[in-house]
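Letter by letter, the chains look like this.
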Amino acid sequence: MPGRSHNLIEEPLFPVRWRTGARPPGTAQLLPDRVGLRQLLLRSHDIAGLAIAEPPAHSAVLRILYALTARVTGLDERGPGDWSERREEVVDDAQFDESGIDAYFGRWAERFFLFDEEGGRPWMQDARLAQQCDTGNTAGVNKLIVTRPAGQNHSWLFHASDQNPDRPTVSEAVLHLLVWHYYGPAGRCSSREVGGVKSASAKAGPLRAALSYHPEGDSLFQTLLAGLPQPDDTVRRASDLCPWEWDELPDPDAAPPKPSGPCSRLTACSQHALLLVPDEDNPALVQNAFITWAYRTGLIPRDDPYLIWQISQQGNPYARPANSNRALWRDVDAVLGDAGGNTQARRPAVFRTAYEVSETLRVRALGFEQDRAQAKDTQFVDASTPPVLGRVEEDLPRTAAAVKRLRQLGELYGQRLDRAVRRAWALHVADAKADGSMWAGSAGARYWPLAEAEFWDRFRRLDRTPGALDIGLDVNDARQAFLRSAEQTYEDVTTTVTHTKRGAKAVSTARIELYGGRRQKPSAKSKETTA
């Protein structure tokens, strides 16, 4: 086994963006582009945000930092006193207290080593895998790094070989270690033998296929405080533990421990077990990785305060999935308040109190478009809004209906445009089964950015003056604006076929879908029933 190395508390592994003015005047020393966990918290007021390129890794690191923030500020329990007032005192201090940070990391310093000696506890890993898994048939680093092709998958963007893989840096490996804990797939994995019984099947990670919504401030300090979920009255830090705080690693044959509060819910819901193997020749690289199941039976309840929860037709709650083709503004009303509707969308719980931290909070959406039931990954999702959360508590009752109506109008004409171009294509090729996906994709790429600009322009112009009788939304004018965008997009997409008689007729016939389609005349039977 390798020696103990790479303690995440001080090791500069996490990329950051510094705020303007973070470097003291008159100093020539450049600020580091990566820092450790202690500096992330200690200088969070000087850091604009994380500079992590992969959205699922960004989302995962934020959850780790939320838990650490709750610990070092004492906001991991509801009391003593009023929780919101205690958080406000931290906000007024404008930075985290160094003594709280040092006290926490001093207590748990031994548990933050990424690589540990035999019998140790490497951070967010299970050292038992070195004995319980086949060392000659490991997952490998190509499997660990989710952006790489592994196994029999094709190498589309760059060449990758499992026989001679490019070894990732420790920083890269840590981020993808967390991606596996939160977004790992269900299904076949490396075999693990526990109690004389081998198994090779894992369950999906707690955030797999979901889109995560986070309040984002002008600094990482604001972002972390705004993102703290308020604990229930029954939460106690002695039982609401993060994985590195466990006395012992859990029994893989037993049912997984249920989270008892925000810290365990944020950090201890993984269904995967991993172990990184350092490179013997270059300590800055990772040579290999074990990836397998964490619990043979049982499921951890899926409850996360950063997800929009919806109700299926069967009455089951599920998280709104990540969709790379769906713009974030279409979720704004569901983030700012419970949107209701057919899916009974319920906003992320963290936004109920996030506005207390700042009047200029934005919404950041981070996710991974995936198949929850299969090991199929499609595309990362990363988007943000202008500052909106400062208006929630005071203005939501007055503006909620207007924001929802704006979103509905934008979506209405987007859906009508989609039907129109698909029908035009089917008529043009004289095939009723043709789906027109090429035209539909082109139309969506043109229309949705126009609709988003229209939405935010009218959102900013809503009248939030207390006591005003009119909120300033002209519904008919907004309707016409979205319609004009749909009409222009329809013309742009279909213009390539209008020079032929059949093409021109198809485009002309299908245009009616932009206005709701042709109304069907009531049948004679329905007339008799009405009479």
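Residues numbered from 1 in each chain as written. Predicted model: local features only at pLDDT ≥ 70, side-chain atom pairs only at ≥ 80, totals over all residues. Heavy atoms only, no water.

### Side note on the overall build of the protein chain
Stage number 1. Within the protein chain, the regular secondary structure consists of 15 helices and 14 strands.
Stage number 2. Here the protein chain has a C-alpha radius of gyration of 26 Å; the compact-globule value for 531 residues is 24 Å, and the two agree.
Stage number 3. Projected onto its principal axes, the C-alpha coordinates of the protein chain cover approximately 80 × 60 × 60 Å.
Stage number 4. A buried classification covers 52% of the 531 residues belonging to the protein chain.
Stage number 5. Here the contacts in the protein chain between residues at least 6 apart in sequence split such that 75% fall between residues at least 24 apart.
Stage number 6. For the protein chain, the computed accessible surface area is about 25,600 Å², with 48% contributed by carbon and sulfur atoms. (Helix = DSSP H or I, 4+ residues; strand = E, 2+ residues; numbered from the N terminus. Rg over C-alpha atoms; globule rule 2.2 N^0.38 Å. Buried < 20%, exposed > 50% of the residue type's maximum accessible area, 1.4 Å probe, protein only. Contact = heavy atoms within 4.5 Å. Areas by Shrake-Rupley, 256 points an atom, 1.4 Å probe, with all protein chains shown as cover.)

### As for the sheet that holds strand β2 (residues 14-18)
In a beta sheet, neighbouring strands are held together by backbone hydrogen bonds and run either parallel or antiparallel to one another.
Stage number 1. Ordered in space as β3-β2-β4, the three strands form an open sheet in which the pairing is antiparallel. Of all the strands in the sheet, just β3 (34-35) and β4 (47-50) have a single pairing partner and so form its edges.
Stage number 2. Relative to β3, β2 runs antiparallel, the two sharing two bridges. Bridge pairing in β3 places Phe 14 opposite Val 35. (Pairing = 2+ DSSP bridges.)

### Describing empty space enclosed by the protein
Stage number 1. Applying the stated criterion across every chain, the model contains five cavities of 30 Å³ or more.
Stage number 2. What the largest cavity holds in volume is close to 300 Å³.
Stage number 3. Sort the elements by how many residues they give to the lining of the largest cavity and strand β9 (residues 272-278) lands first, with three residues.
Stage number 4. Residue classes in the lining of the largest cavity are distributed as 15 nonpolar, five polar and six charged. (1 Å grid on protein atoms, 1.4 Å probe; cavity = no way out; pocket = protein on both sides within 12 Å on 5 of 7 lines; lining within 4 Å. Points joined across faces, edges and corners; volume = space filled by probe spheres on them. Nonpolar A, V, L, I, M, F, W, Y, C, P; charged D, E, K, R; others polar.)

### Things to note about the packing of aromatic side chains
Stage number 1. As enumerated under the stated definition, the model contains 15 aromatic pairs in all.
Stage number 2. Geometrically, the ring pair formed by Trp 329 and Phe 455 is tilted, given 5.1 Å between the ring centres and 35° between the ring planes. Here Trp 329 is found in the loop between β12 (317-319) and α10 (332-336), whereas its partner Phe 455 is found in helix α12 (residues 437-460), with 126 residues between them in sequence.
Stage number 3. The buried category is assigned to Trp 329, whose relative accessible area is 0%.
Stage number 4. One aromatic cluster is present, built from ring pairs that chain together Trp 329, Tyr 447, Trp 448, Phe 455, Trp 456 and Phe 459.
Stage number 5. Just above the ring of Trp 293 sits the side chain of Arg 192; from NZ or CZ to the centre is 5.1 Å. (Phe/Tyr/Trp six-rings, centres within 6.5 Å; stacked < 30°, edge-to-face > 60°. Lys NZ or Arg CZ within 6 Å of the ring centre and 35° of its normal.)

### Some remarks on the pairing of β2
Stage number 1. Taking burial as the measure, the five residues of β2 include four buried ones, the bulk of the element.
Stage number 2. Summarising the sheet, β2 and β4 pair through three bridges and their orientation is antiparallel. Residue pairing in the sheet places Arg 17 in a bridge with Gly 49 of β4.

### Notes on the side chain of Glu 454
Stage number 1. Take Glu 454: it is sitting in helix α12.
Stage number 2. Within polar-contact distance, the side chain of Glu 454 engages the side chain of Arg 458 at 2.6 Å.
Stage number 3. Dropping the residues within four chain positions of it, Glu 454 is found in contact with Ala 481 and Phe 482. (Polar contact = N/O pair within 3.5 Å; in protein donor to acceptor, adjacent residues only side chain to side chain.)

### A short note on the pattern of salt bridges
Stage number 1. A complete count under the given rule lists 36 salt bridges for this structure.
Stage number 2. Linking Glu 411 and Arg 407 is a salt bridge whose minimum nitrogen-to-oxygen distance equals 3.1 Å. Here the residue Glu 411 and the residue Arg 407 both occupy positions in helix α11 (residues 392-428), the gap between them amounting to four residues, near one helical turn.
Stage number 3. A relative accessible area of 9% means that Glu 411 is categorised as buried. (Salt bridge = Lys/Arg side-chain N within 4 Å of Asp/Glu carboxyl O.)

### Examining the packing of α12 against helix α13 (residues 475-494)
A pair of packed helices is captured by two measures, namely the crossing angle of their axes and the spacing between those axes.
Stage number 1. Between α12 and α13, the least distance of the axes is 9 Å, while the angle of their chain directions is 155°. Classed by the angle they form, the pair α12 and α13 counts as roughly antiparallel. For the element pair α12 and α13, the recorded crossing hand is right-handed. Contact residues: Trp 439, Ser 442, Ala 443, Arg 446, Tyr 447, Leu 450, Ala 451, Glu 454, Phe 455 and Arg 458 in α12; Asp 477, Ala 478, Ala 481, Phe 482, Ser 485, Ala 486, Thr 489, Asp 492, Val 493 and Thr 494 in α13. (Axes fitted to C-alpha atoms, helices over the stretch in contact; angles between N-to-C directions. Parallel < 35°, antiparallel > 145°, perpendicular 65-115°, else oblique. Left-handed = near helix turned anticlockwise from the far one by under 90°.)

### Observations regarding the nonpolar core
The tendency in soluble globular proteins is for nonpolar side chains to be buried as a group.
Stage number 1. Grouped together as the largest cluster of nonpolar side chains are 128 residues, with contacts concentrated most on Leu 40, Leu 68 and Phe 112.
Stage number 2. In terms of residue count, helix α2 (residues 55-73) provides more of this core than any other element does, eleven residues in total.
Stage number 3. Excluding anything up to four places from it in sequence, Leu 40 contacts Phe 14, Val 16, Val 35, Ile 47, Leu 50, Leu 65 and Leu 220.
Stage number 4. Counting residues in each nonpolar core, the second largest holds twelve residues, with Cys 133, Ala 273, Ala 294 and Tyr 295 among its members. (Core = buried A, V, L, I, M, F, W, Y, C linked by side-chain atoms within 4.5 Å.)

### Things to note about the confidence of the model for the protein chain
Stage number 1. Summing up the model confidence of the protein chain, the mean pLDDT is 91 and the portion of residues at 70 or higher is 90%.
Stage number 2. Per-residue pLDDT stays below 50 along residues 526-531; that stretch engages in one contact with residues further than four places along the chain or on separate chains. (pLDDT = per-residue confidence, 0-100.)

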